[in-house]
Amino acid sequence: SFKKKKFFICLLIKYIIVDLHALLRDGNLKNWILDTISFKTISANKNTVDKKWVVVDADGQNLGRLASKVAILLRGKHKPNFTPHVDCGDNVIVINSKKIKLSGNKWEQKKYIRYTGYPGGQRSLNALEQFEKNPNSIIEKSVKGMLPKNKLGANLFRNLHVFPDSEHKFEAQKPTKIDLNKVN
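None of the values given here were measured: they were computed from a predicted structure.

**What about the overall build of the protein chain?**
Counting its regular elements, the protein chain contains seven helices and six strands. Counting all 184 residues of the protein chain, 33% fall into the buried class. Taking the intrachain contacts of the protein chain between residues at least 6 apart in sequence as the baseline, contacts between residues at least 24 apart amount to 66%. Carbon together with sulfur atoms contributes 55% to the accessible area of the protein chain, which is approximately 13,000 Å² in total.

Rendered as structure tokens:
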């Protein structure tokens, strides 16, 4: 009884495979069957990507947490069609960079180091001095450090726009305000 059932199931599978091969030979049904019985990985490219404009308010936000979520938005990792080698992220506008927070004693202890190119030309500023010099640069430097270190990262960084106040010059793009708590 079991051998008969096994034989019958094998015979049924054989007929199904033969029928599928017959259907695949027909050109019209071939695409329909392949689209319905297989899963295709969708890879985004610069023509198919959907780039949006979003506004992020930095008022009262911690620097590192804000920067990591902005980097996710810039990279496009929050989208279902994320492709690692394509700029599929959004254009991000960060407002109120003057109201950013740093935890602990980082205003005095965190150093921003640069090099002039001359011997003995290493210069450093602490976070408070850098903030007084340019409040946008702190957010820009922390986000840039979280992006890829290649041409793609440079292109992604061009999609970041930081403003010290709540005013920005991208009203024509109709950006949507985004809640950072809902990003990853």
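**Looking at the sheet that holds strand E2 (residues 91-95)**
Taken together, the four strands give an open sheet; going across it, the order is E5-E2-E1-E6, and neighbouring strands pair in parallel fashion. The open sheet has two edge strands with one neighbour each: strand E5 (160-162) and strand E6 (176-177). When strand E1 (residues 53-57) meets E6, the two strands line up parallel, connected through two bridges. For Val54, the partnering residue across the bridge sits in E6 and is Thr176. Along the sheet, helix H6 (residues 135-144) makes contact with E2 and E5, crossing E5 at roughly 155°.

**A short note on the pairing of strand E3 (residues 111-115)**
Relative to strand E4 (residues 122-126), E3 is paired through five bridges, and the arrangement is antiparallel. Its bridge partner being in E4, Tyr115 is matched across the sheet by Gln122. The antiparallel hairpin formed by E3 and E4 contains six residues in its connecting segment, where Gly117 sits at a positive phi of about 105°.

**A word on the pattern of salt bridges**
The full count for this structure, using the stated rule, is two salt bridges. Taking the shortest distance from any N to any O, the salt bridge between Lys51 and Asp87 comes out at 3.0 Å. In this pair, Lys51 is assigned in the loop between helix H2 (27-37) and E1 and Asp87 in the loop between helix H3 (63-75) and E2, connecting sequence segments 36 residues apart. By relative accessible area, Lys51 is classed as partly exposed at 30%. Residue Asp87 is classed as partly exposed on the basis of its relative accessible area of 21%. The residue Lys79 makes a salt bridge to Asp90 at a minimum N-O spacing of 2.8 Å.

**Things to note about H3**
For H3, which comprises 13 residues, the first-to-last C-alpha distance of 18 Å matches the rise-based estimate of 18 Å (1.5 Å per residue) to within 8%. Looking at the packing, one finds that the buried side of H3 touches E1, E2, E3, H6, helix H7 (151-157) and E5. Gly76, located one to two residues past H3, shows a positive phi value of around 90°.

**Here we look at the nonpolar core**
Formed by 29 residues in total, the largest nonpolar core has its most connected members in Val70, Val92 and Ile139. At the level of secondary structure, the elements contributing two or more residues to this core comprise E1, H3, E2, helix H5 (127-133), H6, H7 and E5. Ranked by residue count, the leading element in this core is H3, at eight residues. Those residues within four positions of Val70 in sequence are excluded, and the remaining contacts are Val56, Val92, Val94, Val143 and Leu160. Trp53, Ile93, Ile95 and Phe170 belong to the second largest nonpolar core, which has six residues in total.

**A short note on unusual backbone geometry**
Look at Asn96: it is not a glycine, yet its phi comes out positive at around 60°. Within the secondary structure, Asn96 is located in the loop between E2 and helix H4 (106-109). The residue Lys174 is not glycine, and still its phi comes out positive at about 50°. Of note, Lys174 is situated in the loop between E5 and E6.

**Thoughts on the packing of aromatic side chains**
Taken as a whole, this structure holds three aromatic pairs when the rule is applied. In this structure an aromatic cluster arises from ring pairing among Trp53, Phe163 and Phe170. When the ring centre of Tyr112 is taken as reference, the NZ or CZ atom of Lys110 above it lies at 5.3 Å. In this arrangement the basic side chain of Lys144 is found over the ring face of Phe157, its NZ or CZ atom lying 5.1 Å from the centre.

Conventions we followed
Residue numbers run consecutively from 1 along every chain, following the written order of its sequence. In keeping with the predicted nature of the model, local features appear solely for residues at pLDDT of at least 70, side-chain atom pairs appear and are counted solely at 80 or more, and the whole-chain, interface and lining totals rest on all residues. The side-chain quantities take in all heavy atoms of the structure and omit both hydrogens and water. Note on conventions: DSSP H or I runs of at least 4 residues are helices, E runs of at least 2 residues are strands, and numbering of each starts at the N terminus. Accessible area is worked out with a 1.4 Å probe on protein chains only. A residue is then buried under 20% of its type maximum, exposed over 50%, and partly exposed in between. By definition, residues are in contact when any of their heavy atoms lie within 4.5 Å. To measure how exposed things are, a 1.4 Å probe is used in the Shrake-Rupley method; for residues, cover is taken only from the protein chains shown. Strands pair, by our definition, only if DSSP identifies at least two bridges between them. In this description, a line fitted to the C-alpha atoms serves as the axis of each element, helices being fitted only across the stretch in contact, and the angle between N-to-C directions of two axes falls anywhere from 0 to 180 degrees. Any carboxyl oxygen of Asp or Glu that lies within 4 Å of a side-chain nitrogen of Lys or Arg is treated as forming a salt bridge with it. A helix's residues, less one, multiplied by 1.5 Å, set its expected span. Grouping buried Ala, Val, Leu, Ile, Met, Phe, Trp, Tyr and Cys residues that are joined through side-chain atoms within 4.5 Å yields what is termed a nonpolar core. Side-chain rings of Phe, Tyr and Trp, where Trp is taken by its six-membered ring, are said to pair if the distance between their centres is within 6.5 Å; with planes under 30 degrees apart they count as stacked, over 60 as edge-to-face, and otherwise as tilted. Here, a charge over a ring means that NZ of Lys or CZ of Arg falls within 6 Å of the ring centre while also lying within 35 degrees of the ring normal.

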